[in-house]
Amino acid sequence: MKKVILIAFYFNQVNEIASKRLRALAKYLPEFGWEPIVIVPDLGSVPSENNDLNCRIITTDYEDMFSKYLNKVKPSKSVNDSGDSGNSGDSGNSENRGNVDEKSVTEDKLKDSSSVSNPLVSKAISIAGEVFAYPDGMKYWYEPAFNVASEIIENEEINAVISSSWPITAHKIAKSLSDKYDIPWIADLRDLWNLNPYVSHTAIRNHFEKNLELKMFENVDALTTTTDLAKETLSTLHPDKKIISILSGYDEDEFNYLADYKKNNLDKIDSLKSHDKLSFIYAGSLYGGKRDPTLLFKAIRELEDDSKVDSSKLSISFYGDSGNISEIADEFGLLDIIHIGGKIPHDDVLIKQLNSDILLLISWNNESEKIFIPGKIYEYFALERPVLSIGYKEGSLKDLIKKTDIGYHVNDLESTKKALLSFYNEFIENGYIQFKSGNIKDYSMVEMAHNFANLLDDIKR
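My aim in this report is to walk through the structure given alongside it, one point at a time.

Calculation rules
- Residues numbered from 1 in each chain as written.
- Predicted model: local features only at pLDDT ≥ 70, side-chain atom pairs only at ≥ 80, totals over all residues.
- Heavy atoms only, no water.
- Helix = DSSP H or I, 4+ residues; strand = E, 2+ residues; numbered from the N terminus.
- Contact = heavy atoms within 4.5 Å.
- Polar contact = N/O pair within 3.5 Å; in protein donor to acceptor, adjacent residues only side chain to side chain.
- Buried < 20%, exposed > 50% of the residue type's maximum accessible area, 1.4 Å probe, protein only.
- Phe/Tyr/Trp six-rings, centres within 6.5 Å; stacked < 30°, edge-to-face > 60°.
- Lys NZ or Arg CZ within 6 Å of the ring centre and 35° of its normal.
- Expected span 1.5 Å × (residues − 1).
- 1 Å grid on protein atoms, 1.4 Å probe; cavity = no way out; pocket = protein on both sides within 12 Å on 5 of 7 lines; lining within 4 Å.
- Points joined across faces, edges and corners; volume = space filled by probe spheres on them.
- Nonpolar A, V, L, I, M, F, W, Y, C, P; charged D, E, K, R; others polar.
- Salt bridge = Lys/Arg side-chain N within 4 Å of Asp/Glu carboxyl O.

### Comments concerning the environment of glutamate 384
- Among the structural elements, glutamate 384 can be located in the loop between helix H14 (376–383) and strand S12 (387–390).
- Excluding residues that lie within four positions of it along the chain, glutamate 384 makes contacts with Phe435 and Ile440.

Below, the structure written as structure tokens:
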């Protein structure tokens, strides 16, 4: 079996979307002839789930940038110092990493000057963040990870390297390994780098960042992204590079316990059993109103005013942060059809989704969203329930929903009314909503790993 080193900073953050792709890649590559050796930083804890993975996981030393600089500037502790003096860096330690997705806490600390009243000091802190967190706050992982990986390469036959960002430091490690040992290298950009619409820097930082990306990938054998639109966007900066879009997916093993639940609760989830109300469910954050359900409520209101639906036959449940859901529902006279359940464990959310007719997916209605596919849609594939997606008018998510025929993606009032009416009429006629998609298996994590294996087999030096 051929061997590949996987440089994966977020590998052990099992609850983060970044980790799901990395862990599934390591888990399933052996099924296609590749043995992964995963290099991860020591962030303070090792998840028990690692015992179930069919791969070697090697943990390196790690010190984040904030702690490193703090240790340099804080005074030595004398016998008269209080115990509190040693805790000033705790907020930047690895224990907080599990709550971060794709972004460095260290960079945020250096850039966030909102609590500083002096504007000159505030500006200085912001500039410091741009200068010192370059290319990212995890840059001190480079040396220990490179040294460990080099030792492996010098003692074993390694056939390829895969690095996955964020952070960019992962690519820097892989580039050095590839250059030194002449090993084929795949750089996986879960999010784009300089072309990421949600990343902004000063003009000076942007200049250096773009040059760094061009230099970083000048000898890469292949670049991978998570959507076709991201691939097209990336090709504008790297027109001569081999770029492959490899979508993520759902891992069937994560939903095994639902099989037992289904077996023991057929009376609750039998899709052929009539029930009184067409039920919708949304679980997750609304991000301060960026994810806005107003279109849904307005469509229901107009359909009922036109005597096309009876809202008493509808129920909409929200789990997570409730935002201003009650105010929006009340504005349209629909307060009585909503249920706000607050934050509950993820496994409980999945069961509630399994018992619902329609799964809501609400995205930010912003053009910047068009290159992304939210991880939640893959979870919906595994649950095999129809989807009503509300978000930007075009893009990767809409294309995926249309391709899989898993439901509707809507952006304006008329399309929302049309989708709702279709669901409602089917429910009134049959007492349930049929799940029609037949090709969701194409979007499993096994298929994702298979695509990486094919690419690994294809690249040669």
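The discussion continues.
### Topic: the side chain of threonine 404
- Residue placement: threonine 404 occurs in helix H15 (residues 396–404).
- Side-chain polar atoms of threonine 404 contact the backbone oxygen of leucine 400, separated by 2.9 Å.
- If we skip the residues at most four places from it in the chain, threonine 404 touches Phe381, Ser437, Asn439 and Tyr443.

### Re the side chain of asparagine 12
- Among the structural elements, asparagine 12 can be located in the loop between strand S1 (2–7) and helix H1 (17–28).
- On the basis of relative accessibility, which here comes to 11%, the residue asparagine 12 falls in the buried class.

### As for the packing of aromatic side chains
- What the rule picks out here adds up to 10 aromatic pairs.
- Between phenylalanine 9 and tyrosine 10, the aromatic rings sit 5.2 Å apart at their centres with planes inclined by 70°, giving edge-to-face as the arrangement.
- Judged by relative accessible area, which is 1%, phenylalanine 9 ranks as buried.
- Of the residues examined, tyrosine 10 reaches a relative accessible area of 1% and is grouped as buried.
- Measuring from centroid to centroid gives 5.5 Å for phenylalanine 9 and tryptophan 141, while their planes differ by 80°, and the two rings are edge-to-face. Note that phenylalanine 9 is positioned in the loop between S1 and H1 and tryptophan 141 in the loop between helix H4 (119–132) and helix H5 (142–155), a separation of 132 residues in sequence. Summarising the burial analysis for this pair, phenylalanine 9 and tryptophan 141 share the class buried.
- Over the ring of phenylalanine 11 we find arginine 23; its NZ or CZ atom is 5.1 Å from the centre of that ring.
- One Lys or Arg, lysine 172, reaches over the ring of tyrosine 142 and ends 4.9 Å from the middle of that ring.

### Quick word on H1
- Here H1 contains 12 residues, and its C-alpha end-to-end distance of 17 Å stays within 8% of the 16 Å for a straight helix at 1.5 Å per residue.
- Where burial is concerned, most of H1 is hidden: 10 out of the 12 residues are buried.
- Among the residues making up H1, those that are buried are Ala18, Ser19, Arg21, Leu22, Arg23, Ala24, Leu25, Ala26, Lys27 and Tyr28.
- Buried residues belonging to H1 abut S1, strand S2 (34–41), strand S4 (160–165), strand S5 (185–189), strand S6 (222–225) and helix H17 (445–458).

### What to know about empty space enclosed by the protein
- Within this structure, the stated rule accounts for 3 cavities of 30 Å³ or more.
- Within this model, the largest cavity holds a volume of roughly 100 Å³.
- Lining the largest cavity are 14 residues, and of these Glu369, Lys370, Phe372, Tyr392 and Leu397 sit closest to its centre.
- The dominant element in the lining of the largest cavity, judged by the number of residues it contributes, is H15, at 3 residues.
- Its residues placed into classes, the lining of the largest cavity shows 5 nonpolar, 5 polar and 4 charged.

### With respect to the pattern of salt bridges
- Inspection of the entire model under this criterion finds 18 salt bridges.
- Among the salt bridges present, the one from lysine 3 reaches glutamate 156, with a minimum N-O distance of 2.7 Å. With a gap of 153 residues between them, lysine 3 in strand S1 and glutamate 156 in the loop between H5 and S4 connect regions that are remote in the sequence.
- Between aspartate 251 and lysine 27 there is a salt bridge, with its nearest N and O atoms 3.1 Å apart. Placement of the pair is aspartate 251 in the loop between strand S7 (243–245) and helix H9 (256–264) and lysine 27 in helix H1, with a sequence separation of 224 residues. Across the pair, lysine 27 and aspartate 251 agree in class, each one buried.

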